[in-house]
Amino acid sequence: MKKVLYLFLTLALLVLSACGNDSTSKSTTNDTKDTKETTESKEVNLYTARHYEVDDQLYAKFEEETGIKVNLIKGDADELLERIKREGDATPADLFLTADAGRLYRAKEDGLLQAVSSDLLDQQIPANYQDKDQMWYGLTKRARVLIYNKETVKPEELSTYEALTEEQWKSRVLIRSSENIYNQSLVASFIGINGEEKTKEWARGLVANFAQTPQGGDRDQAKAIAAGIGDVAIMNSYYFGQMLNSLEPEEVKVAEGLGLFFPNQETTGTHVNVSGAGVVKTSKNKDNAIKLLEFLSAPEAQSTFAEANYEYPVNESVEPSELLKSWGEFKEQDISLSVLGDNNAKSILIFNEVGWK
């Protein structure tokens, strides 16, 4: 009897021991899982083609408010896209941010982005500043405006982009090269509104009125006006704002001699483009990427973009900065920004055909 009882107690201890070990094993597994999830929930890897100090300030604010670390990889937009392709499924990229809807379209077409759904994003970003398939969202916008020499051009002489092809503007028009994505998107918008043939005719007429072979960036076009090379330039509005508030006295002096004009107010509206971002298809931190998008499109961040970088908010609840208000309200092109990507290849063909270098 004693032997039977002894055997029973021994077996019971073994069973309890096994259960304890299994419990410990499960606990360890769960701890490991929780640790992994905690690690993933505390970071987001951002591949960005924007290089503005205000962006870094906003990322620091996001980290402070959420505890999520923003790991930045900065570079040229096309180079970043190629990097994501090369890295494949192993890419650490969670979010791709760039300064043009055309490049966002390219990322989508290359299969690098994924659709995301967020009621907050839909609330904060109007539909025309989003991809129709929710693959990317606009975060800031800028207008492609006419900047003119206040001594040689009267505002009433200006009207539309198309009017710059007229004889009075012969050898007076300045603009960047056809390789620039902003110009590609401008022409792509014209194709969407006016068709290919009319756009080609306009581009050919504009080339005939160039003051010089296209060169340099947007600020360089303004400086060329100050140097007497031309009288009117097509450039992004926020560059003009940056020049007016530059730490370089010479840039301020150049900008103060120039005026800003919103073209096509009586016709199709001024061309607008966006900086925006999309969640990478293979993102390991998708939820955090969406949280960052929501943060950047919220009123506080939108106001910061407007005040510090002279960009227009996409969030309609946020007012532009005082400088932007001083330029006045303007009518925008009534198109979906997806058109800029849809027509990008066609715009390049037109550039080549009309000799826009």
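1. Focus: the confidence of the model for the chain
- Here the chain averages 90 in pLDDT, while 89% of its residues score no lower than 70.
- Low pLDDT (under 50) marks residues 1-39, which in the prediction has 0 contacts with non-local residues, meaning those over four places away or in another chain.

2. What about the packing of aromatic side chains?
- Enumeration over the complete set of coordinates arrives at 11 aromatic pairs.
- Judged by centre distance (5.5 Å) and plane angle (80°), the rings of Phe210 and Trp356 are edge-to-face. Pair noted here: Phe210 is in the loop between helix H7 (196-208) and helix H8 (218-226) and Trp356 is in the segment after helix H15 (344-354), with a separation of 146 residues, a long-range link. When sorted by exposure, Phe210 lands in the same class as Trp356, which is buried.

3. With respect to the nonpolar core
- Among the nonpolar cores identified, the biggest contains 75 residues, and Phe96, Leu292 and Leu296 are the most heavily contacted of them.
- The element best represented in this core is helix H11 (residues 286-296), accounting for 6 residues.
- Ignoring any residue separated from it by four or fewer positions in sequence, one finds Leu292 in contact with Val44, Leu46, Tyr59, Phe62 and Leu95.
- Listed in part, the 25 residues of the second largest apolar core include Phe190, Ala203, Phe210 and Trp356.

4. Observations regarding the pattern of salt bridges
- Following the criterion strictly, the structure yields 24 salt bridges and no others.
- The shortest N-O distance in the salt bridge between Asp78 and Arg106 comes to 2.9 Å. With Asp78 in helix H3 (residues 77-87) and Arg106 in helix H4 (residues 101-109), this pair connects stretches of sequence that are 28 residues apart.
- When salt bridges that share partners are traced, they join Arg50, Asp55, Arg142 and Glu311 into one network.

5. Topic: the environment of Val314
- Among the structural elements, Val314 can be located in the loop between strand S9 (312-313) and helix H13 (322-326).
- Along the chain, Val314 and Gln124 lie 190 residues apart, while their C-alpha atoms are 7.7 Å from each other.
- Not counting chain neighbours up to four residues away, the residues in contact with Val314 comprise Gln124, Ile125, Pro126, Tyr129, Gly138, Leu139, Thr140, Lys141 and Gln302.

6. Thoughts on the pairing of strand S7 (residues 258-261)
- Residues of S7 alternate between two faces, with Leu258 and Leu260 on one and Gly259 and Phe261 on the opposite face, all of them buried.
- As paired elements, strand S4 (residues 137-149) and S7 share 4 bridges and run antiparallel to each other. Directly across from Leu146, in S7, lies its bridge partner Phe261.

7. Re the side chain of Gln124
- The residue Gln124 is located in helix H5 (residues 119-124) in this model.
- From its side chain, Gln124 meets the backbone oxygen of Glu294 in a polar contact 3.1 Å long.
- The contact partners of Gln124, leaving out residues within four places of it in the chain, are Glu294, Ser297, Ala298, Pro299, Val314, Asn315 and Glu316.

8. Focus: the packing of helix H9 (residues 237-244) against helix H10 (residues 249-256)
- Put simply, H9 and H10 touch, their axes get as near as 7 Å, and they point 120° apart. The angle between H9 and H10 places the two elements in the oblique class. For the pair H9 and H10, contact is made by Phe240, Met243 and Leu244 and by Glu251, Val252, Val254, Ala255 and Glu256, respectively.
- Taken together, the residues of the contact of H9 with H10 sort by class into 6 nonpolar, no polar and 2 charged.

9. Details of the environment of Val153
- Relative to the elements of secondary structure, Val153 occurs in the loop between S4 and strand S5 (173-174).
- Residues Val153 and Asp231, spaced 78 residues apart in sequence, show a C-alpha to C-alpha distance of 7.0 Å.

10. What to know about the pairing of strand S1 (residues 43-48)
- Counted residue by residue, S1 has 5 buried out of 6 residues, so it is predominantly covered.
- In terms of strand pairing, S1 meets strand S2 (residues 69-74) through 6 bridges, oriented parallel. Paired with Asn45 across the two strands is Asn71, which belongs to S2.
- You can see the chain leave S1, run along helix H2 (residues 53-66) and come back into S2, and the turn it takes is right-handed.
- Where S1 and strand S3 (residues 95-98) come together, 3 bridges link them in parallel fashion. Bridge pairing in S3 places Tyr47 opposite Phe96.

Criteria and cut-off values
- Residues numbered from 1 in each chain as written.
- Predicted model: local features only at pLDDT ≥ 70, side-chain atom pairs only at ≥ 80, totals over all residues.
- Heavy atoms only, no water.
- pLDDT = per-residue confidence, 0-100.
- Contact = heavy atoms within 4.5 Å.
- Phe/Tyr/Trp six-rings, centres within 6.5 Å; stacked < 30°, edge-to-face > 60°.
- Helix = DSSP H or I, 4+ residues; strand = E, 2+ residues; numbered from the N terminus.
- Buried < 20%, exposed > 50% of the residue type's maximum accessible area, 1.4 Å probe, protein only.
- Core = buried A, V, L, I, M, F, W, Y, C linked by side-chain atoms within 4.5 Å.
- Salt bridge = Lys/Arg side-chain N within 4 Å of Asp/Glu carboxyl O.
- Pairing = 2+ DSSP bridges.
- Polar contact = N/O pair within 3.5 Å; in protein donor to acceptor, adjacent residues only side chain to side chain.
- Axes fitted to C-alpha atoms, helices over the stretch in contact; angles between N-to-C directions.
- Parallel < 35°, antiparallel > 145°, perpendicular 65-115°, else oblique.
- Nonpolar A, V, L, I, M, F, W, Y, C, P; charged D, E, K, R; others polar.
- Right-handed = clockwise from strand over helix to strand, strands pointing away.

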